[in-house]
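Here are the chains, one letter per residue:
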Amino acid sequence: MTDLPSAALPATATQPASRTPLPLCLVLLLAAAALAGADLAARLPAAQWLPALFAPAADDMRQLLLHFSWLPRLCMAALCGAALALAGTLMQQVLRNPLASPGTLGVASGAQLALALATLWAPQLLVDGREWVALAGGGLATLLVFALAWRRGLAPLTVILAGLVVGLYLGALAKGLMLAREQDLSAVFIWGSGSLSQNGWQGVTFLLPRLAVALLLLLPLLRPLALLELDDSGARSLGVPLGLLRFIGLALAVYVSACVTSSVGVIGFIGLAAPAIARLLGARRFGQRLLWAPLLGAALLLLTDLTIQRLAGPLAELLPTGAATALLGAPLLLWLLPRLQLTGGRPQPAAGAAAWRHPRPRQRLALLGALLLLGVPLALGVGQGLHGWGWQLDGALLDWRLPRVVVALAAGVLLALAGTLVQRLTANPMASPEVLGLGASAALGLVALLFLLPGAGLALKLPLGAGGALAVLLLIVAMSHRSGFAPERVLLIGIALTAFFDALQVILLAGGDPRGQSLLGWMSGSTYFVDAPTAWTLLAGALLLLAATLPCARWLELLPLGEGSARALGVPLGRSRLCLLLLAALMTAGATLVVGPLSFVGLLAPHLARLLGLTRALPQLLGASLLGALTLLLADWLGRNLLFPLQLPAGLLASLVGGAYFMFCLGRR
Amino acid sequence: MRALFAALLLALATPLAAAPPQRIATVDWGLAETLLGLGVTPVGVAQLDGYRRWVGAPALPAEVVDLGLRVEPNLELLAELKPELILISPQFENARPRLERIAPVQSLALFTPDGEAYSGAQRVVRELAGLLGREAAGEALIARVDARLAAVRARLAEHPQPPLYVASFLDARHVRLFGAQSLYQGVLERVGLQNAWCGRTNYWGFAQVGIERLAERPEAALLYLEPLPPDAARGLAASPLWQRLPLVRAGRAHALPPVWSFNGLLAAERFAGLLEAQLTATPPSDSARPQP
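Residues numbered from 1 in each chain as written. Chains lettered and ligands numbered in written order. Predicted model: local features only at pLDDT ≥ 70, side-chain atom pairs only at ≥ 80, totals over all residues.

A. View of the domain arrangement of chain B. Residue and element names in this part refer to chain B. Once the domains are mapped, chain B shows domain 1 (20–108) and domain 2 (140–279). For domain 1 versus domain 2, the separation of C-alpha centres amounts to 29 Å. Facing eleven residues of domain 1, the contacting portion of domain 2 comprises ten residues. With five residues, helix H2 (residues 29–37) is the single largest residue contributor to the side of domain 1 that touches domain 2. Class assignment for the residues of the side of domain 1 that touches domain 2 results in six nonpolar, four polar and one charged. (Domains from an automatic or database assignment. Contact = placed C-beta atoms within 7 Å. Helix = DSSP H or I, 4+ residues; strand = E, 2+ residues; numbered from the N terminus. Nonpolar A, V, L, I, M, F, W, Y, C, P; charged D, E, K, R; others polar.)

What follows is the structure, encoded as structure tokens:
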């Protein structure tokens, strides 16, 4: 990840010294205070406020509610907002990555999975303290991230990559559990959507001392952490033990965010947005951000929660606070983006890129092709039925299996290609169709359709899904036109959109809407609903798009070198990027339409290709396509047979199979 | 004489014209329950383990085949079972094109956006009985449950009751309150009880709220369905607000054995029986049960 040049030059006078986040902070806090005041006035006459807040009459329910529900909720909102912002600031500093946040390290996914597992198989653990279960899950997830990035000295890029992969992996596992055991896990759904509802001071007394301890531990680290704004060699020359410092910084941040998530659930976006806004509004130095980001975070979450309570009625019951912050936060970030001073187009430090190149890529490609040719008949013929395992390649069964296999192949190719394009385009191995927001936006279009016109056919789904992806594409074009599609900007837009979609999904699931469950199946990437004509159409489309991409190999080779070099070598920057983005959008939309925004293949396949030594653009494109097809083929087969008769979505299995292998490779390097 | 002949002819002709389907598969637990109530054992039901854990009664015989996920029933397996009719409910509608390649698909809605669940359950019994040529069994089932509710109503008339919250706890902070359109609402109305929750409800007839909302009707009582989530009992015991809720302090919070809240007429019958048992039991000594 690119360091922020502005952060490295704290003392330069390019910024007027008067810019501080103070005005915004004040506005937000005043708005929150006004809302809280109005709320209070509606509940009790002013004369009773003080006694109600501090010593409620035991027989007055209104006073009791104020004291044991309203006030603790207010305090929790402020505390959680501040804590998450603090964690985000710390992570962004340690990882030198403006996109780092508690969500990026898999803390939330780890905690959620641990809670789901405990609910199903060790409910006694929850009786003894759900906080600790969540804490253990979040902590273990982070340890796994650290373990994966250990060999690279916890290099920022590797940590983020590992965090993303671990988060997706654990999230996929939790989704699988929810698919099969929906009824048992309704509490986990609620927790996943972050509810601040309180009925006593237990939450505050849990969180406050833990935050205080974390802050105390942070104090002696302030100066060395500030030095992390230099690049690695600079910081090392000043005598900072980088690995240790990063480890402690991250551990503190994870501890704080796990405490928050364990007591109120997953509160999206505050940890990412608050530090970003603070930086944007002039908090240049680490110390400044450490002060302003928590203030902003507290104000943001307070305002969000009060607004939601204010709305009352139908919406308040349907809209959990944690999901709402993500809903509100995404447009906010989109508004902020053009104002965020990020430079783009610089080549990345070598942290994430494997340099090893296979001497005979053709041999590798032929091997992969042979594997695929062998795999397809196996996936078609081997399976379980009423009377157990069997090998059958006749008409009746083929009728059911062929469309699924074909569509798995097609979606694998499409996602792998889109992933390769996006990763090369942004010179960022973190990128994938999902991070770009294309999968999410295509899915948004389809979700809208599911609710407005249930049972609509493909003729309607295709344009709507593609329309969603293209709308995002246009947004990206509009928002990043001036900067010539700077990679960071594109990624940020994508992450904001993905967060928005995630929030929507969480609300659907938490609200108990009956359509939520089938949505969950589809969003996990199920090949179930695909019929034969659709499957073959998609495969033809995938091959066409592959053919269309191959001539772009030269661009893909040169663009990762950076804007200057690419332009010098004769690549038309704007045009080539637009063209490649368009291709990626089409591919993602096509794959999303039938198998949901599963995306992991888009992240995984290009990486696997590179790990196999297919580093140049053309072999990587072909290799990734084959690997993507293979991965989804295997995933679909496993999904159909692993828990027979229960069939798991292929996308889910792809994340599990591919993710495990990916983590293995990442940790071994 | 002529009428008799016509009736005889009709009686002969009907089964010849369309023999009612015998092999029936369903993805919906409520429909599975209703089938059993009509004396029909389905050949396949989706997510059997879930049915056994959450619905429980009436029990499904061991020979019923598990069809996998309710949202995505296993097509290969379903085709192998050769059902003559597949029953779904509207929320599984997107699987219809796939299922129709195996057997005729019939969608029956226990819950409708504007309807009431109890009469919905009665309607589903009639529709299903019609499909299966078991009209007599259907009417008998409806009459039996109606009579049961009337009997419970008569019993409860001797025990005046406060308004009731019917709830299931999600954790120590959140509760589902069943209200308008829920199956329980229909039962409460028919046995002469008043639901304390008059707020909005979702498609399934419940609202998901924080437990502080239980303070809104101080005079009400609370019936909460078991099983209680693992950590809820302890969390509630530690919650000062819960301990101070009027209905808790007055000992008006009671547990009910499990009922599947989203099923049909048999679940309604079971719920009415549990209501009767709970509410006509010897009046609880006040504050004997300060917490669940």
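More follows now that the structure is in view.
B. Local environment of the interface of chain A and chain B. Facing 47 residues of chain A, the contacting portion of chain B comprises 46 residues. Of all the secondary-structure elements, those providing two or more residues to the side of chain A that touches chain B are helix H4 (61–95), helix H6 (123–127), helix H8 (156–180), helix H9 (186–192), helix H16 (313–318), helix H19 (395–426) and helix H23 (514–523) of chain A.

C. Structural view of the sheet that holds strand E1 (residues 24–26) of chain B. Residue and element names in this part refer to chain B. Here we have five strands laid out as an open sheet, ordered E3-E2-E1-E4-E5, and parallel in their pairing. The sheet terminates laterally at strand E3 (65–66) and strand E5 (105–107), the two strands that pair on one side only. Sheet analysis places strand E2 (residues 44–45) next to E3, joined by two bridges and oriented parallel. The residue of E3 that forms the bridge with glycine 44 is valine 65. Packing of H2 onto the sheet brings it into contact with E1, E2 and strand E4 (85–88), and relative to E1 it is tilted by some 145 degrees. (Pairing = 2+ DSSP bridges. Axes fitted to C-alpha atoms, helices over the stretch in contact; angles between N-to-C directions.)

D. Expanded view of the pairing of strand E9 (residues 221–225) of chain B. Residues and elements named next belong to chain B. Burial of E9 is extensive: four of the five residues sit out of reach of the surface. Inspection of the sheet shows strand E6 (residues 164–169) paired to E9 by four bridges, in the parallel sense. When the bridges of E9 are listed, valine 166 appears paired with leucine 223. In terms of strand pairing, E9 meets strand E10 (residues 253–256) through four bridges, oriented parallel. Among the inter-strand pairings, leucine 223 is bridged to a residue of E10, identified as histidine 254. (Buried ≥ 20, exposed ≤ 12 C-beta atoms within 10 Å, placed from the backbone.)

E. Molecular detail of the pairing of strand E2 (residues 388–391) of chain A. Relative to E2(A), strand E1 (residues 382–385) of chain A runs antiparallel, the two sharing four bridges. By the bridge assignment, A:Gln384 is partnered in E2(A) with A:Trp389.

F. A look at unusual backbone geometry. In the segment running from A:Phe644 into A:Pro645, the intervening peptide bond is cis, with an omega of 5 degrees. Examined against the element boundaries, A:Pro645 turns out to sit in the loop between helix H29 (617–641) and helix H30 (650–668). B:Glu226 connects to B:Pro227 through a cis peptide bond whose omega is 0 degrees. You can see B:Pro227 is positioned in the loop between E9 and helix H9 (232–237). Even without glycine at this site, B:Gln47 takes up a positive phi of about 45 degrees.

G. Focus on the confidence of the model for chain A. Residues and elements named next belong to chain A. Predicted confidence across chain A gives a mean pLDDT of 79, with 78% of residues reaching 70 or more. Ignoring residues within four places in sequence, the model shows residues 1–16, a span with pLDDT below 50, making 22 contacts including any to other chains. Considering only residues more than four positions removed or in separate chains, one finds that residues 342–354, a stretch of pLDDT under 50, has 33 contacts. (pLDDT = per-residue confidence, 0-100.)

H. Representation of the environment of A:Gly574 within the structure. Residue and element names in this part refer to chain A. Within the fold, glycine 574 resides in helix H27 (residues 573–595). Of the residues examined, glycine 574 has 11 C-beta atoms within 10 Å and is grouped as exposed. As a C-alpha pair, glycine 574 and tryptophan 555 span 19 residues in sequence and 12 Å in three-dimensional space.

I. Structural detail: the packing of helix H7 (residues 135–157) of chain B against helix H12 (residues 265–279) of chain B. Residue and element names in this part refer to chain B. Relative to each other, H7 and H12 sit at 15 degrees, their axes nearing to 10 Å. Judged on the interaxial angle alone, H12 and H7 are roughly parallel. Judged by the sense of rotation from one axis to the other, the crossing of H7 with H12 is left-handed. Residues Leu141, Ile142, Val145, Arg148, Leu149, Val152, Arg155 and Leu156 of H7 pack against Leu265, Ala268, Glu269, Ala272, Leu275, Glu276 and Leu279 of H12. Tallied by class, the residues present in the contact of H7 with H12 amount to eleven nonpolar, no polar and four charged. (Parallel < 35°, antiparallel > 145°, perpendicular 65-115°, else oblique. Left-handed = near helix turned anticlockwise from the far one by under 90°.)

J. Structural detail: the packing of H19(A) against H29(A). All names here are of chain A. Taken N-terminus to C-terminus, the directions of H19 and H29 make an angle of 140 degrees; their axes are 7 Å apart at the nearest point. Between H19 and H29, the interaxial angle falls into the category oblique. In the packing of H19 onto H29, the handedness of the crossing is right-handed. Tallied by class, the residues present in the contact of H19 with H29 amount to 15 nonpolar, seven polar and three charged.

K. Looking closely at the nonpolar core. Among the nonpolar cores identified, the biggest contains 282 residues, and A:Ala83, A:Leu414 and B:Tyr165 are the most heavily contacted of them. For this core, the leading source of residues is H4(A), giving 22 residues. Non-local contacts of B:Tyr165, meaning those with residues more than four positions away in its chain, are made with B:Leu177, B:Ala196, B:Trp197, B:Leu214, B:Ala220, B:Leu222 and B:Leu223. (Core = buried A, V, L, I, M, F, W, Y, C linked by C-beta atoms within 7 Å.)

L. Here's a closer look at the confidence of the model for chain B. For chain B, per-residue confidence averages 86 on the pLDDT scale, and 90% of positions sit at 70 or higher. Segment residues 12–17 of chain B: pLDDT under 50, and zero contacts once partners within four positions in sequence are set aside and those in other chains are kept.

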